[in-house]
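# A structural walkthrough
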Amino acid sequence: MEFNASEHPHQRYNPLKGEWILVSPHRMKRPWDGQTESVHNDMGPAFDPTNPLCPGVVRSSGILTPEYKSTYVFTNDFPAMLEDTPSPPQSDDPLFQIEGVKGTCRVMCFYPKSNVTIALMSINDIVTVISSWIQQLDELGKIYTWVQIFENKGTMMGCSNHHPHCQIWACSFLPNEPRIKDINQREYLEKYGRPMLMNYVDRELKAKIRIVTENQHWVVLVPFWAIWPYETMILPKRHVKRMNEITEHEKTTLASVMKILTIKYDNMFKTSFPYSMGWHGAPTGPNCENSDHWVFHGIYLPPLLRSATVKKFISGFELLAQCQRDLTAEQAAERLRSQSDIHYLE
């Protein structure tokens, strides 16, 4: 029997993280009798006087959200890290290690109206969001080792507020995910003489089978090693190490692929597609070392698998052994690629 990647179980290697994923495409044929999620297609009102992220509403902290007209950034009222906190005593115990951390957590509202998402915003408004991200990276990157920009969209992804916004956590340490990527990208550059993700982009542009959309500066693809059913990456076509290195024109073209991708997501199941997304680039801070091995990229991690009501769970074998997916990366890319670039609500 000849191997067929769309039918036969196999493993795929993720060179960014040095780990494998089990792919089981034959399982897409099985019936689903498990949990289903409720669907909320109503975007709600443009303004909700009880929503603390809306302009002119008082937050639970007692602070008034100003009448902002574009993006608005403020320090999270309930941050996971603090800028000024005491450090624990040092210990050389190999089993019970503890270190102090310093950091700040901010919230960025994308837009004053609550009934919009990136998919429904104009290119100019998305460019404003990107510019605000870069401003935050510039400011916080002077102090902190890592600046994580991320968006949790939809209640299925744990988002507790129905308003277009993201979070920015800056910390004094290099977290696990970027730390592993830092190691593997550095080793790849030393061995092959070119950044891993630049070689990867070139190979994907030639193969074409996992690309969702592209333009002059950016490519959106389902990674060969993707875990989530419709996981995607946004990658630059030139070597960019951090978001603050992109040009004004590249901001516009980045906004364009972000909009197209999120429209295709929404069109897939005719719903406001939930996801967690974020940006990874070279570490920052006053002591950041040579980072030529890093390539700036975005990651979208949506949970939906078969419909707007059926999501993928990470459980059992995946928690205890190794991550697994049913739909192949190539099948996912084809389904996303085939979706219209015009939003179903329009």
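Here we summarise the structure given alongside this text. (Residues numbered from 1 in each chain as written. Predicted model: local features only at pLDDT ≥ 70, side-chain atom pairs only at ≥ 80, totals over all residues. Heavy atoms only, no water.)

### Overview of the overall build of the chain
Scanning the chain from terminus to terminus reveals six helices and 14 strands. Against the globule reference of 20 Å for 346 residues, the chain gives a C-alpha radius of gyration of 21 Å, in line with a compact fold. Seen through its C-alpha atoms, the chain measures out along the principal axes to roughly 65 × 55 × 45 Å. Expressed as a percentage of its 346 residues, the buried residues of the chain come to 50%. The contacts of the chain with a sequence gap of at least 6 include a subset with a gap of at least 24, amounting to 69%. Carbon together with sulfur atoms contributes 53% to the accessible area of the chain, which is approximately 16800 Å² in total. Averaging the positions of the 35 positive and the 38 negative side-chain charges in the chain gives two centres separated by 5 Å. (Helix = DSSP H or I, 4+ residues; strand = E, 2+ residues; numbered from the N terminus. Rg over C-alpha atoms; globule rule 2.2 N^0.38 Å. Buried < 20%, exposed > 50% of the residue type's maximum accessible area, 1.4 Å probe, protein only. Contact = heavy atoms within 4.5 Å. Areas by Shrake-Rupley, 256 points an atom, 1.4 Å probe, with all protein chains shown as cover. Lys, Arg positive; Asp, Glu negative; His and termini not counted. Charge placed at Lys NZ, Arg CZ, Asp CG, Glu CD.)

### Section: empty space enclosed by the protein
With the rule as written, the count across this model stands at one cavity of 30 Å³ or more. Considered as a void within the structure, the largest cavity measures approximately 120 Å³ in volume. The wall of the largest cavity is formed by 14 residues, among which Leu137, Val147, Trp279, His280 and Gly281 lie closest to the centre. Here the lining of the largest cavity gets three residues from one element, more than from any other, and that element is strand 5 (residues 146-153). Looking at side-chain class alone, the lining of the largest cavity contains nine nonpolar, four polar and one charged residues. (1 Å grid on protein atoms, 1.4 Å probe; cavity = no way out; pocket = protein on both sides within 12 Å on 5 of 7 lines; lining within 4 Å. Points joined across faces, edges and corners; volume = space filled by probe spheres on them. Nonpolar A, V, L, I, M, F, W, Y, C, P; charged D, E, K, R; others polar.)

### Section: the pairing of strand 11 (residues 297-301)
A regular strand places its side chains so that they alternate between the two faces of the sheet. Among the five residues of strand 11, four are classified as buried, and the element is accordingly described as predominantly covered. Pairing of strand 9 (residues 232-236) with strand 11 involves three bridges; the strand directions are antiparallel. Across the sheet, residue Thr232 finds its bridge partner in strand 11, namely Tyr300. When strand 10 (residues 275-280) meets strand 11, the two strands line up antiparallel, connected through five bridges. Across the sheet, the residue bridging to Met277 is Tyr300, located in strand 11. (Pairing = 2+ DSSP bridges.)

### Some thoughts on the nonpolar core
One finds Ile130, Trp133, Tyr230, Ile234, Leu254, Met258 and Trp279 to be the most contacted residues of the largest nonpolar core, which totals 51 residues. For this core, the secondary structure elements donating two or more residues are helix 1 (123-141), strand 5, strand 6 (165-171), strand 8 (218-221), helix 4 (248-269), strand 10 and helix 6 (329-337). If we skip the residues at most four places from it in the chain, Trp279 touches Trp133, Gln148, Ile149, Ile234, Met243, Leu254, Met258, Phe296, His297 and Gly298. Residues Leu197, Val201, Ile211 and Leu235 belong to the second largest nonpolar core, which totals 13 residues. (Core = buried A, V, L, I, M, F, W, Y, C linked by side-chain atoms within 4.5 Å.)

### Regarding the sheet that holds strand 2 (residues 19-23)
Sheet architecture is open: three strands sit in the order 1-2-14, paired in mixed fashion. Edge positions in the open sheet fall to strand 1 (10-14) and strand 14 (324-325), since each of these has one partner strand only.

### Looking at helix 6
Looking only at helix 6, the buried set comprises Ala329, Glu330, Ala332, Ala333 and Leu336. All buried residues of helix 6 fall inside an arc of 160° around its axis, so they share one side. Tucked inside the fold, the buried residues of helix 6 contact strand 1, strand 7 (211-214), strand 9, helix 4 and strand 14. (Arc of directions from axis to C-beta.)

### Focus on the sheet that holds strand 5
Spatially, 3-4-6-5-10-11-9-8-7 is the arrangement adopted by the nine strands of the open sheet, whose pairing is antiparallel. The outermost strands of the open sheet, each flanked by one partner alone, are strand 3 (72-75) and strand 7. Direction aside, neighbouring strands of the sheet carry axes that sit 20° apart on average. With five bridges connecting them, strand 5 and strand 6 associate as antiparallel partners. Residue pairing for strand 6: Trp146 is matched across the bridge by Cys171. In the packing of helix 1 onto the sheet, the strands contacted are strand 3, strand 4 (103-109), strand 5, strand 6 and strand 10, and the crossing angle to strand 4 comes to about 165°. Running at roughly 45° to strand 7, helix 6 makes contact with strand 7 and strand 9 of the sheet. (Axes fitted to C-alpha atoms, helices over the stretch in contact; angles between N-to-C directions.)

### Things to note about the side chain of Thr65
Locating Thr65 in the fold gives a position in the loop between strand 2 and strand 3. In contact with Thr65, not counting residues within four places along its chain, are Pro52, Leu53, Cys54, Pro55, Gly56, Val57, Arg59 and Tyr72.

### Looking at the packing of helix 2 (residues 176-192) against helix 3 (residues 196-207)
Look at helix 2 against helix 3: their axes get within 8 Å of each other, and the N-to-C directions meet at 75°. Taken as axis vectors, helix 2 and helix 3 run roughly perpendicular relative to one another. In this structure, helix 2 contributes Asn184, Gln185 and Tyr188 to the contact, and helix 3 contributes Met196, Leu197 and Asn199. Classifying every residue of the contact of helix 2 with helix 3 gives three nonpolar, three polar and no charged. (Parallel < 35°, antiparallel > 145°, perpendicular 65-115°, else oblique.)

### Digging into the packing of aromatic side chains
Tallied over the full model, the rule gives 17 aromatic pairs. Between Trp146 and Trp294, the ring centres sit 6.0 Å apart and the planes meet at 45°, which makes this aromatic pair tilted. Linking Trp146 in strand 5 with Trp294 in the loop between strand 10 and strand 11, this pair joins segments that are 148 residues apart in sequence. Residue Trp146 shares its accessibility class with Trp294, and that shared class is buried. Among the aromatic side chains, those forming a connected cluster through ring pairs are Tyr230, Tyr265, Phe269, Phe273, Tyr275 and Tyr300. (Phe/Tyr/Trp six-rings, centres within 6.5 Å; stacked < 30°, edge-to-face > 60°.)

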